[in-house]
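Residue strings, one per chain:
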Amino acid sequence: MAHFAKLNDSNEVLEVVVIADSDTPNEAAGIAFCKSLYGDDTNWKQTSYNTKGNVHGLGGTPFRKNYAAIGITVYDPTLDAFIFLRPSDNDGDSCTSYTLNTTTGRWDPPLDYPDDGKMYKWDESVYQADNSEGWVEVEA
């Protein structure tokens, strides 16, 4: 089965459809098939269900860095990749300190997650106040 993402003019994922392999010998044929079903006025891109963080979960070749998902990814034509949206912290603040990892298509925090076995959440306001902090321990 092949998966295709329907995109709007802002390259946001509107829908992901599954098409039989027999209708999709290649991406161009799959896009033509989607347009025949849903109309010619939409942009389509093939996506890989098994690709996350530019790694294919079944050992195959990763495709477009991440699986397309409604409200979670957008298509970046420069990178030819589905990129996760910039995360927000638990207070709803955009994590402006995160940087896009163009290899994985994900956003990386400026500080590594602590590896002391405790649970943490990112707090952007803590990081903005002191760039050596940002991970706040989650109370059990």
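Attention in this report is confined to the structure presented alongside it.

Rules used in this analysis
Residues numbered from 1 in each chain as written. Predicted model: local features only at pLDDT ≥ 70, side-chain atom pairs only at ≥ 80, totals over all residues. Heavy atoms only, no water. Buried < 20%, exposed > 50% of the residue type's maximum accessible area, 1.4 Å probe, protein only. Helix = DSSP H or I, 4+ residues; strand = E, 2+ residues; numbered from the N terminus. Pairing = 2+ DSSP bridges. Patch = residues over 30% accessible without salt bridge, like charges linked within 9 Å, V, L, I, M, F, W, Y side chains within 5 Å. Areas by Shrake-Rupley, 256 points an atom, 1.4 Å probe, with all protein chains shown as cover. Salt bridge = Lys/Arg side-chain N within 4 Å of Asp/Glu carboxyl O. Lys, Arg positive; Asp, Glu negative; His and termini not counted. Charge placed at Lys NZ, Arg CZ, Asp CG, Glu CD. Contact = heavy atoms within 4.5 Å. Axes fitted to C-alpha atoms, helices over the stretch in contact; angles between N-to-C directions.

**Considerations on the pairing of strand β6 (residues 73–76)**
1) Next: Burial of the side chains of β6 is restricted to one face: T73 and Y75 are buried, whereas none of V74 and D76 on the reverse face is.
2) Next: Bridge count for β6 against strand β7 (residues 81–84) is 4 bridges, and the pairing is antiparallel. By the bridge assignment, Y75 is partnered in β7 with F82.
3) Next: Between β6 and the antiparallel strand that follows it, β7, lie 4 residues; D80 among them carries a positive phi value of about 50 degrees.

**Brief notes about a negative patch on the surface**
1) Next: Together, D112, D115, D116, E137 and E139 make up a negatively charged patch on the protein surface.
2) Next: Within the secondary structure, D115 sits in the loop between β9 (106–108) and β10 (120–122).
3) Next: According to the relative accessible area criterion, D115 is exposed, its value standing at 76%.

**Some details on the side chain of Q46**
1) Next: Following the sequence through the fold, Q46 ends up in strand β3 (residues 43–47).
2) Next: Residues within four places of Q46 in sequence aside, it is in contact with A2, H3, F4, E27, F63, R64 and F82.

**A word on the sheet that holds strand β2 (residues 13–19)**
1) Next: Pairing in this open sheet of 3 strands is antiparallel, and the strands run β2-β1-β3 from one edge to the other. The sheet is open, and its two borders are formed by β2 and β3, each paired with just one other strand. In this sheet, adjacent strand axes meet at a mean angle of 30 degrees when their direction is disregarded.
2) Next: Relative to β3, strand β1 (residues 2–7) runs antiparallel, the two being bridged by 5 bridges. Paired with H3 across the strands is T47, a residue of β3.

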